[in-house]
Amino acid sequence: MGLLLIDLDGFKDVNDIAGHAVGDRLLQNAALRIQSCVRDGDTTAKLGGDEFVVVIPKLKNIKVLHDIGAKIVETVRSPFHIDDNQYFVTASIGIAVFPDHSDSAETLMMYADQALYAAKRAGKNQYQFFTQTMQQEIRERISLTHDLRSAIENNELHLVYQPIYRLQDISLIKAEALIRWQHPTRGNIPPSVFIPIAEESGIIIEIGKWIFNEVLHDLSTIDPMRLQGIQISLNISPIQFAHPQHLMAFIKRLERSNIPCELFCFEITEGLLLEPSKVIQDTLKTLKQAGIKLSIDDFGTGYSALGYLKKYHIDYVKIDKSFINNLGVDNYDFILCRSIIQMAHELNMQLIAEGVENAQQESILKVINCDFIQGFLHGKPAIFSSLLEQLDLQMLQEKAYPMLGAETKMAALQHAATKAN
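What counts as what
- Residues numbered from 1 in each chain as written.
- Predicted model: local features only at pLDDT ≥ 70, side-chain atom pairs only at ≥ 80, totals over all residues.
- Heavy atoms only, no water.
- 1 Å grid on protein atoms, 1.4 Å probe; cavity = no way out; pocket = protein on both sides within 12 Å on 5 of 7 lines; lining within 4 Å.
- Points joined across faces, edges and corners; volume = space filled by probe spheres on them.
- Helix = DSSP H or I, 4+ residues; strand = E, 2+ residues; numbered from the N terminus.
- Nonpolar A, V, L, I, M, F, W, Y, C, P; charged D, E, K, R; others polar.
- Axes fitted to C-alpha atoms, helices over the stretch in contact; angles between N-to-C directions.
- Contact = heavy atoms within 4.5 Å.
- Salt bridge = Lys/Arg side-chain N within 4 Å of Asp/Glu carboxyl O.
- Buried < 20%, exposed > 50% of the residue type's maximum accessible area, 1.4 Å probe, protein only.
- Arc of directions from axis to C-beta.
- Core = buried A, V, L, I, M, F, W, Y, C linked by side-chain atoms within 4.5 Å.
- Lys, Arg positive; Asp, Glu negative; His and termini not counted.
- Polar contact = N/O pair within 3.5 Å; in protein donor to acceptor, adjacent residues only side chain to side chain.
- Pairing = 2+ DSSP bridges.

Examining the layout of surface pockets
Alright, step 1. When its volume is computed, the second largest pocket comes out at roughly 280 Å³.
Alright, step 2. Lining of the second largest pocket is provided by Met110, Asp113, Gln114, Tyr117, Ile138, Arg141, Ile142, Thr145, Arg149, Ile197, Glu200 and Ser201.
Alright, step 3. Going through the elements one at a time, α4 (105-121), α5 (132-151) and α6 (191-201) are the ones with two or more residues in the lining of the second largest pocket.
Alright, step 4. For the lining of the second largest pocket, the leading source of residues is α5, giving 5 residues.
Alright, step 5. Broken down by class, the residue content of the lining of the second largest pocket amounts to 5 nonpolar, 3 polar and 4 charged.

Notes on the packing of helix α1 (residues 11-18) against helix α2 (residues 20-37)
Alright, step 1. Where α1 contacts α2, the axes come no closer than 7 Å and their chain directions differ by 145°. Residues Phe11, Val14, Asn15 and Ala18 of α1 form the contact with α2, whose own contacting residues are His20, Val22, Gly23, Leu26 and Leu27.

Describing the pattern of salt bridges
Alright, step 1. Within this structure, the stated rule accounts for 16 salt bridges.
Alright, step 2. Between lysine 120 and aspartate 9 there is a salt bridge, with its nearest N and O atoms 2.5 Å apart. Of this pair, lysine 120 sits in helix α4 while aspartate 9 sits in strand β1 (residues 2-9), placing them 111 residues apart in sequence.
Alright, step 3. By relative accessible area, lysine 120 is classed as partly exposed at 25%.
Alright, step 4. Aspartate 282 serves as the salt-bridge partner of lysine 278, at 2.9 Å between the closest nitrogen and oxygen. Here lysine 278 pairs with aspartate 282, and both are found in helix α10 (residues 278-290), just 4 residues apart, close to one helical turn.
Alright, step 5. Taking relative accessible area as the criterion, aspartate 282 reaches 36% and is therefore assigned partly exposed.
Alright, step 6. Within this structure, Glu176, Glu267, Lys318 and Glu354 form a network of salt bridges that share partners.

Quick look at unusual backbone geometry
Alright, step 1. The omega torsion of the bond from phenylalanine 98 to proline 99 falls at 0°, within 30 degrees of zero and hence cis.
Alright, step 2. In the Ramachandran plot, asparagine 369 falls in the positive-phi region, its phi being about 65° despite a non-glycine side chain.
Alright, step 3. Within the element layout of this structure, asparagine 369 appears in the loop between α14 (359-367) and β16 (372-374).

Notes on α6
Alright, step 1. For α6, the set of buried residues is Phe194, Ile197 and Ala198. Each buried residue of α6 sits inside an arc of 100° when the element is viewed along its axis, so together they form one side.
Alright, step 2. Lining the buried residues of α6 we find α5, β9 (171-183), β10 (187-189) and α7 (204-220).

Looking at the nonpolar core
Alright, step 1. By size, the foremost hydrophobic cluster in this structure holds 81 residues, and its most contacted members are Val215, Leu234, Phe264, Phe266 and Leu365.
Alright, step 2. Tallying contributions element by element places α7 first for this core, with 9 residues.
Alright, step 3. In contact with valine 215, other than residues within four places in its own chain, are Leu159, Tyr161, Ala177, Ile232, Leu234 and Phe264.
Alright, step 4. Grouped together as the second largest cluster of nonpolar side chains are 30 residues, Val22, Val54, Val76 and Ala91 included.

Quick notes on the side chain of aspartate 320
Alright, step 1. Residue placement: aspartate 320 occurs in the loop between β14 (316-319) and α12 (321-325).
Alright, step 2. In this structure, aspartate 320 is buried with no salt-bridge partner, the nearest side chain bearing the opposite charge being lysine 321 at 6.9 Å.
Alright, step 3. One polar contact links aspartate 320 to serine 322, side chain to side chain, over a distance of 2.5 Å.

Some points on the pairing of strand β12 (residues 264-268)
Alright, step 1. Within β12, 5 of the 5 residues are buried, which leaves the element mostly enclosed by the surrounding structure.
Alright, step 2. A two-sided burial pattern is seen for β12, the buried positions comprising Phe264, Phe266 and Ile268 on one face and Cys265 and Glu267 on the other.
Alright, step 3. Both strand β11 (residues 231-235) and β12 contribute to a ladder of 4 bridges, which runs parallel. Counted as the bridge partner of isoleucine 232 is phenylalanine 264 from β12.
Alright, step 4. Relative to strand β13 (residues 293-299), β12 is paired through 4 bridges, and the arrangement is parallel. Looking at the pairing, phenylalanine 266 lines up with leucine 294 of β13.

This is the structure in structure tokens:
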């Protein structure tokens, strides 16, 4: 017997934008489409919300499950026409098999759910079969989630700051605050591993508050004038925008501390702006009115469109490092980066290239008029005191040698950073 657990990707957006009446009709139509994909004698049911289940009895071979899974994915992805409007959702499907995977109904449902989760993590709009590897991954994620909940209390998290340089003269003018997790037994756990876990579990809210506290603590140890106009970038999760009270509380703390909001730039993802709710739109407006700058992180990896960036008054666009890695003279990435830079400049936005690691990348980015660069070529993430030492040295050199060349200035700054580390 085969068990298919189906979840509609993007259904919540339809409910939020068009209302629950339209959402209910979409669910009815989706149910009919799913039923049309199965055989006579198979069972389909709605479990709740936007989840469906299909039971395939008397299964002679696994190919039947492949065929039905692919057919459901293909059928659901077609537009839904409701009241002269089109709505789009896709289907993610997890599949488990009796008795191959388990002879327990409860366990079989759990395995199908794990396979569904794997389908969503792999990009949605697809089906996945349960494997024992998934079981191990789930255990690992549960363990990490448990440990992450206590990481703040146990002082396992810390911040580092990666410099961002003005490309014209290699002046340090911005820095991105980055979180690091030093696990007591596992060692350093990359943000690419624990940030998705934090977002899925909701722990990102507490981590976001912790980051605000740490940045303000670092700033409280110095005279803000010592930063010489440098801007601190903070990564803000879409989950945090769903709970904007914490963002508003941060602005109020800045006001009480007499720290200008202009000192901060919030880095957000492209997806946040695609079809933002009224709450998100109001939050973005409040942030801009307070003076906080906005930057789009990893531009080019999602639904890239410079038009909506202008609509929400985005200040900076960060070109994803995947385009910088293979940047060469007149190759595809060169043409793409140049086009993004030209269009963004027309809309009065500034560009930051991420992942700049060699002189050739830097040279090409100069040719196509990129504004800022960030990467290991000139500056690795370092503790706050190291950032301050670089700034102090930069100010000293600018006063002593106003005509100092960019290369000489950069060499001195790198020497100071190495010494500090």
